[in-house]
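# Structural overview for review
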Amino acid sequence: MTNESAAGTSALGRAAEWQPDVLGDEYEFHTLELGPDPDGEGDIVATLVRHLPDATATADAVLYVHGFTDYFFQRHLAEHFTARGHRFYALDLRKCGRSLQPGQTPHFISDLALYDRELDEALRVITAEASTKVLVVAHSTGGLVTSLWLDRLQRAGGSAAAGISGLVLNSPWFDLQGPAYVRTVGTQVINTVGRFRAKSALPLGKSSAYGDSLHQSMSGEWDYDLDWKPRYGFPVRAGWLRAIRLGQARLHRGLDIGVPALLLRSKLTEFAREYGPTVDVADAVLDVAQIQRWAGCLGDRTNIVPIDGARHDVFLSAEVPRTEAFRELDNWLDWLAGRPA
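So, here's what we can say about the structure. Numbers given to residues run from 1 along each chain, matching the order in which its sequence is written. Where local features are concerned, this predicted model is filtered to residues with pLDDT of at least 70; where side-chain atom pairs are given and counted, the filter is 80 or more; whole-chain, interface and lining totals use all residues. The basis for every side-chain value is the complete set of non-hydrogen atoms in the structure, without hydrogens or water.

Attention shifts here to the layout of surface pockets. Cavity: a set of points on a 1 Å grid over the protein atoms alone where a 1.4 Å probe fits but cannot get out. Pocket: an open set with protein on both sides within 12 Å along at least five of seven lines, its lining residues, like those of a cavity, having an atom within 4 Å of a point. Grid points are joined across faces, edges and corners, and a volume is the space filled by probe spheres set on the points. Reported here for the largest pocket is a volume of approximately 1,400 Å³. Lining the largest pocket are 46 residues, and of these Gln177, Leu204, Gly205, Val236 and Val285 lie nearest its centre. When residues in the lining of the largest pocket are grouped by element, the largest group, four residues, is from helix 5 (residues 185–196). We call Asp, Glu, Lys and Arg charged. Ala, Val, Leu, Ile, Met, Phe, Trp, Tyr, Cys and Pro are nonpolar, and the rest, Gly among them, are polar. Grouping the constituent residues of the lining of the largest pocket by class yields 28 nonpolar, 13 polar and five charged. One number sums up the size of the second largest pocket: a volume of about 380 Å³. Where helices and strands are cited, they refer to DSSP runs of H or I of at least four residues and of E of at least two residues respectively, numbered from the N terminus.

Side-chain atoms within 4.5 Å are what join buried Ala, Val, Leu, Ile, Met, Phe, Trp, Tyr and Cys residues into a set we call a nonpolar core. Relative accessible area decides the class of each residue, using a 1.4 Å probe on protein chains only: under 20% of the type maximum gives buried, over 50% gives exposed, and in between gives partly exposed. Grouped together as the largest cluster of nonpolar side chains are 57 residues, with contacts concentrated most on Leu48, Leu63, Leu91, Leu112 and Ile164. If we ignore the near neighbours within four places in the chain, the residues touching Leu91 are Leu32, Ala46, Thr47, Leu48, Leu63, Tyr64, Val65, His66, Glu118, Leu119 and Ala122. Val49, Leu77, Ala78 and Ala90 belong to the second largest nonpolar core, which has 35 residues in total. It only takes one pair of heavy atoms within 4.5 Å for two residues to be counted as in contact.

Bringing the sheet that holds strand 2 (residues 27–36) into the picture now. A pair of strands is considered paired only if DSSP assigns at least 2 bridges between the two. Read across the open sheet, the nine strands follow the order 1-2-3-5-4-6-7-8-9; overall the sheet is mixed. Both edges of this open sheet fall to strand 1 (19–20) and strand 9 (302–307), since each of them pairs with a single strand only. Relative to strand 2, strand 1 runs antiparallel, the two being bridged by two bridges. Of the residues in strand 2, the one forming a bridge with Pro20 is Glu28. For helices, the fitted axis covers only the stretch in contact; all axes are lines through C-alpha atoms, and the angles between them, taken along N-to-C directions, range from 0 to 180 degrees. In the packing of helix 1 (residues 75–83) onto the sheet, the strands contacted are strand 2, strand 3 (43–51), strand 4 (61–65), strand 5 (88–92) and strand 6 (134–139), and the crossing angle to strand 5 comes to about 150°.

For the rest of this paragraph, the subject is empty space enclosed by the protein. Counted according to the given criterion, the structure contains one cavity of 30 Å³ or more. The volume enclosed by the largest cavity comes to roughly 70 Å³. What lines the largest cavity is His66, Gly67, Phe68, Leu93, Cys96, His107, Tyr115, Thr141, Gly142, Val145 and Trp240. In the lining of the largest cavity, the residues fall into six nonpolar, five polar and no charged.

Note on ring pairs: Phe, Tyr and Trp rings are taken, using the six-membered ring of Trp, and paired if centres are within 6.5 Å. Classes follow the plane angle, with under 30 degrees stacked, over 60 edge-to-face and the rest tilted. Per the counting criterion, the structure on display carries twelve aromatic pairs. Between the aromatic rings of Phe73 and Tyr224, the centroid separation amounts to 4.8 Å while the plane-to-plane angle is 40°, which identifies the pairing as tilted. Taken together, the residues span a long stretch of sequence, with Phe73 in the loop between strand 4 and helix 1 and Tyr224 in the loop between helix 6 (209–214) and helix 7 (238–252) at a distance of 151 residues. Each member of the pair, Phe73 as well as Tyr224, carries the same accessibility label: buried. Taken together, the ring pairs connect Tyr64, Phe72, Phe81 and Phe88 into an aromatic cluster.

Looking now at the packing of helix 2 (residues 116–130) against helix 3 (residues 141–155). One can describe the packing of helix 2 onto helix 3 by two numbers: an axis separation of 11 Å at closest approach and a directional angle of 75°. The angle between helix 2 and helix 3 places the two elements in the roughly perpendicular class. Here helix 2 contributes Asp116, Leu119, Asp120 and Leu123 to the contact with helix 3, which in turn contributes Val145, Trp149, Arg152 and Leu153. For the contact of helix 2 with helix 3, a count of residues per class yields five nonpolar, no polar and three charged. When an angle is under 35 degrees it counts as roughly parallel; over 145 it counts as roughly antiparallel; between 65 and 115 it counts as roughly perpendicular; any other value is oblique.

To continue, consider the pairing of strand 5. The buried fraction of strand 5 amounts to five of the five residues, a majority that puts the element mostly inside the structure. Strand direction decides the pairing type here: strand 3 and strand 5, joined by four bridges, are antiparallel. From the neighbouring strand, Arg50 faces strand 5, where its bridge partner is Tyr89. Summarising the sheet, strand 4 and strand 5 pair through four bridges and their orientation is parallel.

Burial of strand 3 is extensive: eight of the nine residues sit out of reach of the surface. Relative to strand 3, strand 2 is paired through nine bridges, and the arrangement is antiparallel. Counted as the bridge partner of His30 is Leu48 from strand 3. Taking the residues between adjacent antiparallel strands as the criterion, strand 2 and strand 3 are bridged by six residues, where Gly40 takes a positive phi near 75°.

Limitation: the analysis is restricted to geometry and does not speak to function.
Put into structure tokens, the structure is as follows:
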């Protein structure tokens, strides 16, 4: 585990105090006070959201972790899990979504291991309330973050011993997309700039194609806060991308997450600057071949399922591939529940 400033730790370890959430009835949030930001942007918080639990729920609890330019808003995902008998929780990481404080750089972090602070505390709150194992579900950058976290838990005494039952990855970000030189010479540049000009925005160009495919105001069917998840995405900062590349390099050397994993992804990649019909049936953000290539680095049993016609977030796909993704998820959850301890 990482050692952040001890300030603010008195807020950790307390019983969770829940308040009504922006998602409306049946949703509540709890603020995790994390103290001073190691990256120098004042006091930081993370936010744990829950779908109001069914007192009879006995299946593993769920902890959902979002990706970059994202936060938790997927009611249908929460309600799918609770209908199966799971308690559902989601974490808005520091400087993301509900957790973003005035004057802070959205999603900025200099070391992905710093996220262990809120992940550990979220796990503590959930296991105290639910008294069950916890299934981690993560999307995109969250898939990289949680894989690295589980590897550290495994080396510190075992992820299963810490209360984790499994990992569901939804299009995890396991490598940097683009030409090969971006991952070689480009990464050297990122490391240098990211060390000395960490908060400099990189000139990567902007695309609203994926955002336009999702949001109700454009071509999509989903409603969410465009301040927390803007159509064009947040600027990519050099220090943040350096942290991503260091995390991906660690994954490429091989992890041991200690629990079984399900990995869902689209069958196709279709990068685009502007929205078009192909964006609705392919991953417009990540290279699915890279996801497939590095999936074997998790170090435990991993089931990889391509979903025909899926978007980058397979659970925000059109109805047919979304239904298929939930079917594959349910089949795997049934297998996990029946697996010998």
